[in-house]
Amino acid sequence: MRSPSTHGFLTRHPNCVRRASYHSVVASLLHMATKNIFADILDRVRGANNELIAAGVLPAGLDQSRVTVEPPRDPAHGDIATNAAMVLAKDAGRRPRELAEFIADKLCADGMIANVTVAGPGFINLVLKPAAWIEALRGAVESGSHYGKSDIGGGATVNVEYVSANPTGPMHVGHCRGAVFGDALANLLAFTGFKVTREYYVNDAGAQVDQLARSAYLRYREAHGENIGAIPDGLYPGDYLKPVGAALKAQYGDALRVAPEARWLPVVREKAIEMMMATVRADLAALNISPDLFYSERTLIGGAVDQVAAVIDWLRARGYVYEGRLPPPKGAPVEDWEDREQTLFRSTAFGDDVDRPLRKSDGSYTYFASDIAYHRSKLERGFRSLIDVWGADHGGYVKRMQAAVAALSENAAELDVKLIQLVKLLRSGAPVRMSKRAGDFVTLREVVDEVGRDAVRFMMLFRKNDAVLDFDLAKVIEQSRDNPVFYVQYGHARGHSVFRNARSMFADLPTDLTNPTVLTDAGLERLSNSAELALMRQIALYPRVVEGAALAHEPHRIAFYLFDLASEFHALWTLGNSAPHLRFIIQDDRQTTLARLVLVQGVVTVLASGLALLGVGAPSEMR
RNA sequence: GCGCUCGUAGCUCAGCUGGAUAGAGCACCAGACUUCGAAUCUGGGGGUCGGGGGUUCGAAUCCCUCCGAGCGCGCCA
């Protein structure tokens with residue numbers, strides 16, 4: 001059905017008084033200095049509803065959990081909108097618009113709200129007094145790097161496991177998206193009151209590290225001058241193992257050459273893993289990533305008790321593990337399919353499609369089995385919220401792992417698996433060839449060295465995790481709006497440029513714009529232009545964006561928000577070209593300049609904070 | 001065959017966990033530099049949100065069903 005224009009529905013509220021002075025409004029805002037302005041308004045809406053409950057308009061015991069406040073998509077609708085009337089109408093036994101009028105009437109009396117309208121199906125649109133936004137700006141500037149922090153995590157522990165690349169070589173470019181994602185997500189959670197452990201699972205058990213050892217042994221013999229010929233299939237051909245061979249020679253001389261494999265393998269394996277993990281750490285460090293804990297798979301099996309066996313027994317005792325048969329996989333036929341009885345985890349009890357094997361035909365554990373033991377270790381260390389960051393090709397394993405966590409924790413813990421899609425590496429639009437087979441794949445280090453850590457980190461986060469990402473090595477070092485890394489960093493640098501110019505014009509400007517006294521004297525009520533208010537609204541949005549991104553485990557929201565904020569800032573800056581009275585620096589007006597510098601300080605504060613969450617630098621100059 | 005992740009402007013993608021007339025960037029067209037760094041900005045055209053049903057005050061978003069893409073499908077991690 002086509003409805004008349006929204007404006008036809010607008011109801012201006014006649015009872016609204018707009019008399020409260022700037023200072024009285026400020027007084028009413030003091031308690032929310034660093035608080036999310038949206039959370040504050042939500043409290044006020046709930047307060048209005050509670051008054052209506054007391055007055056008998058709304059029923060007692062009303063569930064207000066679905067009431068939300070949000071910025072309307074169309075700014076013409078006001079600063080903040082609430083759906084309260086629409087979601088409460090049914091319980092209240094009233095029509096949404098009728099109820100909206102009641103709520104609006106209460107909200108009108110709020111000293112922070114300048115105007116209330118009821119629109120559309122029952123939206124209540126609020127326009128806040130400019131003082132509210134100014135106070136939000138003040139709060140942001142005063143809080144500095146703490147602005148946007150919250151305690152929604154309530155100190156709950158969260159375990160973020162990410163990267164977990166096999167210790168069989170240097171990290172390649174495909175690893176770095178998950179690494180950056182996990183690191184930024186951990187930053188975000190820590191910033192919002194969670195107690196975060198960043199963890200890297202080292203797959204240092206199993207066949208692949210034996211192959212690594214055999215590969216390194218060849219390099220060891222090569223270091224002694226032997227011609228080892230081509231590296232056999234199944235071994236790791238990369239040159240990066242040559243230093244391992246040299247190190248083995250330096251440490252053991254000839255001793256390992258005459259020993260049987262059973263003797264040298266553990267020794268070489270140990271050394272190779274150690275050196276590969278040193279490489280991994282260095283690669284991560286190039287991205288400014290340092291996990292709190294490297295958890296070794298071997299400790300699960302090689303310790304005093306076999307943790308994998310223990311967890312299987314534990315699950316078996318509860319009926320989640322049994323001996324049984326699986327149907328052969330459908331689709332692509334398995335050549336050597338052998339129908340046999342095996343040890344199975346009953347993941348179907350938790351929504352998986354089939355039960356999953358825990359032992360291979362040779363009796364050794366599957367990867368899944370040791371992963372169950374590993375996740376049990378996380379639970380035993382007290383974590384009830386687990387986040388795993390995996391490559392998208394592991395998507396088929398999500399359900400079984402969640403099933404395992406549910407079984408292990410008796411449904412008390414939650415596992416969120418974030419799947420990270422592929423990165424398509426390009427140079428000026430042309431695909432960069434990557435051949436892992438030949439051992440000459442593009443390493444993470446090469447990419448970081450070429451375009452810099454900031455570009456890598458920002459671009460890896462400028463996309464949803466489950467969308468394929470095009471990463472163009474040429475584009476990310478362009479200095480243009482087409483390159484969001486630059487665009488956002490330039491916003492920060494430009495802010496500092498304004499500071500520099502202002503100080504050269506007014507030698508007596510306060511050195512610390514975040515000082516409360518300075519802020520009080522700054523005359524911030526001069527910030528009344530609509531473009532300035534728009535920028536303040538954007539700044540006030542930050543804590544809400546941070547919370548949303550943290551709860552949804554979606555760090556990319558921060559990157560997009562920063563892009564928008566930088567955009568608003570650049571827009572206001574350029575406005576000064578055609579409207580000189582709107583420039584940040586006004587030659588003969590120190591007071592106005594000071595007020596606007598505080599606004600710039602707000603922008604700079606948020607850009608720096610957001611970039612820090614992403615792990616990207618915030619340069620104050622980019623010449 | 002089954003499962004997972006997706007499908008939004010010509011291209012690359014957002015869309016705040018169900019909100020109002022679906023938004024950015026690139027590209028295209030038309031504009032703004034005696035400037036607080038134009039490394040920037042302003043305006044314009046461009047959409048059956050893959051198709052079709054359903055749920056409700058209200059759907060790009062949730063459910064069902066087709067179509068299409070990517071990934072995966074005992075003893076690889």
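Residues numbered from 1 in each chain as written. Chains lettered and ligands numbered in written order. Predicted model: local features only at pLDDT ≥ 70, side-chain atom pairs only at ≥ 80, totals over all residues. Heavy atoms only, no water.

### Examining the protein's contact with RNA strand B
If you check the shell around RNA strand B, you find 67 residues, and the closest are R73, S361, Q479, Y487 and R494. Taking all atoms of RNA strand B within 4 Å of the protein, the share assigned to sugar and phosphate is 59%. Y397 places a side-chain nitrogen or oxygen 2.8 Å from a base nitrogen of RNA strand B. With respect to RNA strand B, the side chain of R544 contributes an N or O atom lying 3.3 Å from a base oxygen. Of all the elements in the fold, those that place two or more residues in the surface near RNA strand B are α3 (84-92), β5 (123-128), α17 (484-505), α19 (530-552) and α20 (556-578). Looking at the surface near RNA strand B element by element, the count peaks at 10 residues for α20. (Near = heavy atom within 4 Å. Polar contact = N/O pair within 3.5 Å; in protein donor to acceptor, adjacent residues only side chain to side chain. Helix = DSSP H or I, 4+ residues; strand = E, 2+ residues; numbered from the N terminus.)

### Observations regarding the nonpolar core
In terms of nonpolar packing, the biggest core is built from 156 residues, with F458 and F471 touching the most fellow members. Ranked by residues supplied to this core, first place goes to helix α21 (residues 590-614) with 13 residues. Not counting the four nearest positions on each side in its chain, F458 is found in contact with P484, V485, V488, A559, L611, L614 and V616. Membership of the second largest hydrophobic core comes to 31 residues, among which are F383, W390, A403 and A404. (Core = buried A, V, L, I, M, F, W, Y, C linked by side-chain atoms within 4.5 Å. Buried < 20%, exposed > 50% of the residue type's maximum accessible area, 1.4 Å probe, protein only. Contact = heavy atoms within 4.5 Å.)

### Topic: the pairing of β5
On any regular strand, side chains alternate: one points to one face of the sheet, the next to the other face. Examined bridge by bridge, strand β3 (residues 80-82) and β5 share 3 bridges and lie antiparallel to one another. By the bridge assignment, I80 is partnered in β5 with L126. In textbook terms, the turn of a hairpin is the stretch between consecutive antiparallel strands, and for strand β4 (residues 113-119) and β5 this stretch comprises 3 residues, one of which, G120, has a positive phi near 55 degrees. (Pairing = 2+ DSSP bridges.)

### Section: the pattern of salt bridges
Between side chains of opposite charge, a pair can form as their charged atoms come close. Tallied over the entire structure, the rule returns 33 salt bridges. The closest approach of N and O atoms between K378 and E161, which form a salt bridge, is 2.8 Å. Of this pair, K378 sits in helix α13 (residues 367-380) while E161 sits in strand β6 (residues 157-161); the two residues are 217 residues apart in sequence, bridging distant segments of the chain. (Salt bridge = Lys/Arg side-chain N within 4 Å of Asp/Glu carboxyl O.)

### Regarding the confidence of the model for chain A
In this model, chain A carries an average pLDDT of 89, and 92% of its residues clear a pLDDT of 70 or more. Scored below 50 in pLDDT, residues 1-15 makes 27 contacts in the model with residues more than four places away or belonging to other chains. The model gives residues 17-34 a pLDDT under 50, and that stretch makes 30 contacts with residues more than four places away or in other chains. If you check the scores for this complex, the pTM reads 0.93 and the ipTM reads 0.96. (pLDDT = per-residue confidence, 0-100.)

### Concerning the sheet that holds strand β15 (residues 430-431)
Ordered in space as β15-β14-β16, the 3 strands form an open sheet in which the pairing is mixed. In this open sheet, the two strands that pair with only one neighbour each are β15 and β16 (469-472). Bridge count between strand β14 (residues 423-427) and β16: 4 bridges; the pairing is parallel. If you follow L425 over to β16, its bridge partner there is F471. Packing of helix α16 (residues 453-461) onto the sheet brings it into contact with β14 and β16, and relative to β16 it is tilted by some 160 degrees. (Axes fitted to C-alpha atoms, helices over the stretch in contact; angles between N-to-C directions.)

### Description of the packing of aromatic side chains
Summed over all chains, the structure comprises 15 aromatic pairs. Between Y200 and F294 the ring centres are 5.1 Å apart and the planes differ by 40 degrees, which places this aromatic pair in the tilted class. Here the residue Y200 occupies a position in strand β7 (residues 195-202), and F294 occupies one in strand β8 (residues 293-296), the gap between them amounting to 94 residues. With a centroid separation of 4.3 Å and 20 degrees between ring planes, the pair formed by F462 and F560 is classed as stacked. With F462 in the loop between α16 and β16 and F560 in helix α20, the pair connects residues that are 98 residues apart, well separated along the chain. Site record: aromatic cluster; members linked through ring pairs are F458, F462, Y487, F560 and F563. (Phe/Tyr/Trp six-rings, centres within 6.5 Å; stacked < 30°, edge-to-face > 60°.)

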